[in-house]
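# A closer look at the structure
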2 protein chains.
Amino acid sequence: MLRTHTCGELRISNVSQTVTISGWVQGVRDKGSLLWIDLRDRYGITQITIETENAGKDIVDIARSLGREFVISVTGKVTERYSKSDKIATGDIEITPDKIVVLNSAITPPFTIEDETDGGDDIRMKYRYLDLRRNPVRQNLELRHRMAIETRLFLDKLNFLEVETPVLIKSTPEGARDFVVPSRMNQGEFYALPQSPQTFKQLLMVGGFDRYYQIVKCFRDEDLRADRQPEFTQIDCEMAFVEQEDILNTFEGLTRHLFKSVKGIDIPELTRMTYADAMKFYGNDKPDIRFEMKFVELNEVVKGKSFKVFDDAGLVVGICAKGAAEYSRKQLDELTEFVKRPQIGATGLVYARYNTDGTIKSSVDKFYNEEELKKWVAAFNAQPGDLMLILAGEENKTRKALSELRLEMGNRLGLRDKNTFACHWVVDFPLLEYNDELNRWHAMHHPFTSPKPEDIALLSTNPGAVRANAYDMVINGVEVGGGSIRIFNKQLQSQMFDLLGFSKEEAQAQFGFLMNAFEFGAPPHGGIAFGFDRLCSLFGGAEVIRDFIAFPKNNSGRDVMIDSPSPIAQAQLTELGIDVKKA
Amino acid sequence: MLRTHTCGELRISNVSQTVTISGWVQGVRDKGSLLWIDLRDRYGITQITIETENAGKDIVDIARSLGREFVISVTGKVTERYSKSDKIATGDIEITPDKIVVLNSAITPPFTIEDETDGGDDIRMKYRYLDLRRNPVRQNLELRHRMAIETRLFLDKLNFLEVETPVLIKSTPEGARDFVVPSRMNQGEFYALPQSPQTFKQLLMVGGFDRYYQIVKCFRDEDLRADRQPEFTQIDCEMAFVEQEDILNTFEGLTRHLFKSVKGIDIPELTRMTYADAMKFYGNDKPDIRFEMKFVELNEVVKGKSFKVFDDAGLVVGICAKGAAEYSRKQLDELTEFVKRPQIGATGLVYARYNTDGTIKSSVDKFYNEEELKKWVAAFNAQPGDLMLILAGEENKTRKALSELRLEMGNRLGLRDKNTFACHWVVDFPLLEYNDELNRWHAMHHPFTSPKPEDIALLSTNPGAVRANAYDMVINGVEVGGGSIRIFNKQLQSQMFDLLGFSKEEAQAQFGFLMNAFEFGAPPHGGIAFGFDRLCSLFGGAEVIRDFIAFPKNNSGRDVMIDSPSPIAQAQLTELGIDVKKA
């Protein structure tokens, strides 16, 4: 090793030892008679101190030639510092060097390698290897490592087997778009990269593997939104001989273990909410329950008072913002602007202040007198000092808009602390949702999800009312995991494909292997997948998953560091038997 | 859970408990008054015993309706067996059922689900999910799981960080053929799947990550030989501030840990052999040293006796097979046939028996008298009872052929027990090898491998003589891992690309990001990668890696279970902007 110790481990107990440390020059301060080098590696920073009058000329010359990010190795004696620092773990000591070796020089980095850098996103992506030297980025990836190994340890103890499923699989047009890989040995044919190992993990259950997990890369060729990556990582799990309750308990256990082992937090038992309640009370299938502020439906309370907006609305629904009665006109205008933004789409916002003096003042006083407004207060169970915010319109759209307003109020009132974690399950999702555009049913989770046994009869009469044995884990308003109990019967799976508009031939061509497998003794089974990038970012208290991926792609799917994708040689295309169409 | 216990865990201490177990029907034996069901899951087999006269009619009816591989759940009382079995762990008990539920029926499997099956390779691949139910296959994958988690635990303790590197990267024509992925968002451009995460792990070192590992899928679009997969798995590692010695020690440690924790074997310290010695004494850069049988060069001993074959040969070289002097004429003919096979390519085999009575008898007695043959005995240090086997011809070809003969003799003499493990390092590989076909130098390991510092001057004068800081770990004659100390200096890397015939523009376009990274303070670093599939098969005492992969592809790169690769829809091609050429 080109070191005896790292830059993070020397302590007062090492004083008078001769050591060698290696790392990057964080900075050099030259005060003439004294010269300090801060030497950095992944583990910390150690100060090298040179008394220029006593040190050899060669050492002083080398020290004065060093620039930021030079890679050096320093051999010397550990000495107790005169003025100690409690800002760094090695702050009690310094090194008096006998030898400094420059292992590599460095040109000036395009941004500062500091916790707060002056580099913008684009330049940091291009020089990602320099960005990785910054503590916050490195710590994110250290967190990710810890999350992964604790996940594995927990699941290993429960007899889960990690099994690698193939990456070169088969394209199945259902769901998102596949990335495909032309086959050279079978020209005109393609592999596809997996959107998830779904069918393989089910086959492992058919194969008697009983408990499977994998931390695995998945791929979706979608138009990228702000925080989505074409390749992403899942904690993918499946269990046989289970019911929904078993899956929920097992993976609640995993979540608690991760919070405890990685962050030292004991989280309370996870609550459960039906999809129907999530939509009714939060307008959202992944409600952030760090704060209450549930929806209150007001049709019965507000209609028939000649206020056309409310009278014409499918739904009048509101939230009560605790202690916000003193919001200024300007703040209320901001909220109105907020809900009227095209992506939220409300036509306006009605408010009523329940003032601390007991008076009630609304933006629709000309339609509702104090007595009427008292009914509002009662409906909201509002207290003096609260602000009632009300939207009206078509039911689904209005719920969705109010959900956004609720989250905005949560932010404004400081109710969404990133270091507070509220985890819960949303259960009883609908099996199907109707796609008006394609004029057919679409699987809300995926086509392998089992209907609740008691709802199976509805499949042929009222498919939209069928509930699935499907569940999502939600943390702080983010869906971090989702899964279902699977169909394990050929006839039911075939019926499901029928409902989803597959012809018998299509179903057989794409998923025949799975349906055939169900004939050879398939056990009841179910599973779950966690979005690992997202889970890490949540644990890291961050919003952007890109910061938790070592080498992410940008929003155009490009890796700007290696400049990929890129054209390939004509010889490669020829070997693969494909042509690129001229634009 | 649809069970209280698995089929592998009930013992005499559970007697009189009421339990539920679930699994697959391994078999039903019906003796009229008594009826037994063997119920199997991943964990074991438990016997269900039904006294047909005392049991309810429904239970008897269900039991008699069961076929092989039906999935059932059985609730009943654990009772002590009258005649115990020591063949299975649950052999002391049986279950007297109160209830049997058929969870799923099964049609007759196309081959028997037994340790020794009647199914051929092709049918077992097509129904891989049934093959996975067989103990030997499942145990291979359990071994693989254990290998993976022990690898992670060992490296985690040494501060290695598991970092996921991207799968969608950039095509680099150097080396094997890439699989490519057309980009829809950047039409006419392609991603490539990684042949290894080489450049990314080096960038992680430049980024200060210090110690990296990953158990990672890699991809090579090569014409598949018998035991090669288009996607395969590596234990991929890299360390900064190290010298070759540090890498060897660290990964010798990993290997010892795996043998100890997975197989309970303490392996001795790994020996080291230079590439030059490996070729000289074994004709092979991955010698199997479970047995000695070193090459003995005989040019000085045998030439000049008018035996034209030897006199004209560049090299006369042999091995001494201990105790094989009594090989019959037939056996010797077989060996001659063996070395004359086209893939081995020797023109003939000379032998000399050193009989137990002290006489020496060779196949070339007319050229060599007893006195001459005694010189052979001395050269081989042969003992009475030994058989000397000699090949002659062009040096490299002859060494290669003798290496094959040596391995064959090792097999014949029972010296290659798959449960004996001989691990060692081969070091000091040449940096370059000359490709006569392409008329240029080729990197023996890869273009990022560092020459030994003392040999750098030879790069411009005698490139073929430059030794690399490269090393392979060999177990039982199989190269299970290899790596090198890397170049970390832009100029040297650039010189290397020059030597390999890259133009400046090509080098910049393909690896510019890495060479640029070297300018910003790259530390000395090196690493290694283990072929994980191969390592698992070695630990499993098997030769075929396919048996250690859950869903392998066949020799045409096809997954016959899911029938992939396969044609994709024209709409997909259109979106990607590519055409399939008509054959």
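Turning our eyes to something else, we now look at the pairing of strand β19 (residues 440-443) of chain B. The side chains of a regular strand alternate between both faces of the sheet. Direction of pairing for strand β18 (residues 432-435) of chain B relative to β19(B): antiparallel, over a ladder of 4 bridges. Residue pairing in the sheet places B:Glu433 in a bridge with B:His442 of β19(B).

A few words now on the relation of the copies chain A and chain B. Rotating chain A by 180 degrees and translating it 0.0 Å along the rotation axis places it on chain B, where the RMSD comes to 0.0 Å. These values place the two chain copies in the arrangement generated by a two-fold rotation axis. Interface overlap between copies is the fraction of interface residues in one copy that are interface residues in the other; for chain A against chain B it reaches 100%, indicating a shared surface.

Attention now goes to helix α5 (residues 198-206) of chain B. Of all 9 residues in α5(B), 9 are buried, a share of seventy percent or more. Those residues of α5(B) that sit buried are B:Gln198, B:Thr199, B:Phe200, B:Lys201, B:Gln202, B:Leu203, B:Leu204, B:Met205 and B:Val206. Along its buried surface, α5(B) packs onto β1 (18-30) and α3 (128-131) of chain A together with β9 (211-219), β10 (231-240), α15 (504-517) and β22 (525-531) of chain B. Count one or two residues on from α5(B) and you reach B:Gly208, which has phi positive near 80 degrees.

Residue-level contacts link 124 residues of chain A with 124 residues of chain B. Both sides of the chain A and chain B interface together cover about 11200 Å² of buried area, and 60% of this is carbon and sulfur. Inspection of the region where chain A meets chain B yields 16 salt bridges. The residue A:Arg184 makes a salt bridge to B:Asp223 at a minimum N-O spacing of 3.1 Å. Linking chain A with chain B are 75 residue pairs in polar contact (both at pLDDT 80 or more). Of the residues forming the side of chain A that touches chain B, the biggest block, 11 residues, is contributed by helix α4 (residues 135-157) of chain A. The pairing of strand β23 (residues 578-580) of chain A with strand β23 (residues 578-580) of chain B spans 3 bridges and is antiparallel. Directly across from A:Val580, in β23(B), lies its bridge partner B:Ile578.

A word on unusual backbone geometry. The general pattern is negative phi for most residues beyond glycine and trans for most peptide bonds. Cis rather than trans, the peptide bond between A:Ser564 and A:Pro565 has omega equal to 0 degrees. Its location among the elements puts A:Pro565 in the loop between α16 (532-539) and α17 (570-576). Phi at B:Phe241 is positive, roughly 60 degrees, even though this residue is not glycine. Along the chain, the position of B:Phe241 falls in the loop between β10 and α6 (244-263). Even without being glycine, B:Met293 reaches a positive phi, approximately 45 degrees. Structurally, B:Met293 is set in the loop between α7 (275-282) and β12 (296-297).

All names here are of chain B. Two elements in contact, helix α10 (residues 329-340) and helix α12 (residues 395-412), have axes separated by 10 Å at closest approach and are oriented at 145 degrees. Crossing angle aside, the handedness with which α10 passes α12 is right-handed. Every residue of α12 that contacts α10 at Gln 331, Glu 334, Leu 335, Phe 338 and Val 339 is listed here: Glu 404, Leu 405, Glu 408, Met 409 and Arg 412. Residues belonging to the contact of α10 with α12 are distributed by class as follows: 5 nonpolar, 1 polar and 4 charged.

When its domains are assigned, chain A resolves into domain 1 (12-104), domain 2 (139-273 + 423-570) and domain 3 (292-412). Inter-centroid distance (C-alpha atoms) of domain 1 of chain A to domain 2 of chain A is 50 Å.

Okay, α12(B) next. All names here are of chain B. For α12, which comprises 18 residues, the first-to-last C-alpha distance of 25 Å matches the rise-based estimate of 26 Å (1.5 Å per residue) to within 8%. Burial in α12 covers these residues: Thr 398, Arg 399, Ala 401, Leu 402, Ser 403, Leu 405, Arg 406, Leu 407, Glu 408, Met 409 and Gly 410. The N-cap residue of α12 is Glu 394: its side-chain oxygen and the backbone nitrogen of Asn 396 are 3.2 Å apart. Phi for Gly 414, located one or two positions after α12, is positive at around 70 degrees.

Moving on, we come to the sheet that holds β12(B). Residues and elements named next belong to chain B. The strand order across the open sheet formed by 5 strands is β12-β13-β16-β14-β15, and the pairing between neighbours is antiparallel. Bordering the open sheet on either side are β12 and β15 (360-362), each of which pairs with just one other strand. Sheet analysis places β12 next to strand β13 (residues 315-321), joined by 2 bridges and oriented antiparallel. Looking across to β13, one finds that Val 296 is bridged to Gly 318. Seen against the sheet, helix α11 (residues 370-380) touches β12, β13, β14 (350-354), β15 and β16 (387-393) and runs at an angle of roughly 95 degrees to β16.

This paragraph deals with the sheet that holds strand β11 (residues 271-274) of chain A. Residue and element names in this part refer to chain A. Across the sheet, 8 strands lie side by side as β6-β9-β10-β22-β21-β20-β17-β11; this open sheet has mixed pairing. For this open sheet the edge positions go to β6 (161-162) and β11, each flanked by a neighbour on one side alone. As defined by bridge partners, strand β9 (residues 211-219) adjoins strand β10 (residues 231-240) across 9 bridges and the pair is classed as antiparallel. Following the sheet pairing, Gln 214 is matched in β10 by Asp 236. Packed on one face of the sheet, α16 meets β9, β10, β20 (470-475), β21 (478-485) and β22 (525-531) and runs near 105 degrees to β10.

About the cut-offs
Residues numbered from 1 in each chain as written. Chains lettered and ligands numbered in written order. Predicted model: local features only at pLDDT ≥ 70, side-chain atom pairs only at ≥ 80, totals over all residues. Heavy atoms only, no water. Pairing = 2+ DSSP bridges. Helix = DSSP H or I, 4+ residues; strand = E, 2+ residues; numbered from the N terminus. Least-squares fit on C-alpha atoms with pLDDT ≥ 70 in both. Contact = heavy atoms within 4.5 Å. Buried < 20%, exposed > 50% of the residue type's maximum accessible area, 1.4 Å probe, protein only. Buried area = accessible area lost by both parts, 1.4 Å probe. Salt bridge = Lys/Arg side-chain N within 4 Å of Asp/Glu carboxyl O. Polar contact = N/O pair within 3.5 Å; in protein donor to acceptor, adjacent residues only side chain to side chain. Axes fitted to C-alpha atoms, helices over the stretch in contact; angles between N-to-C directions. Left-handed = near helix turned anticlockwise from the far one by under 90°. Nonpolar A, V, L, I, M, F, W, Y, C, P; charged D, E, K, R; others polar. Domains from an automatic or database assignment. Expected span 1.5 Å × (residues − 1).

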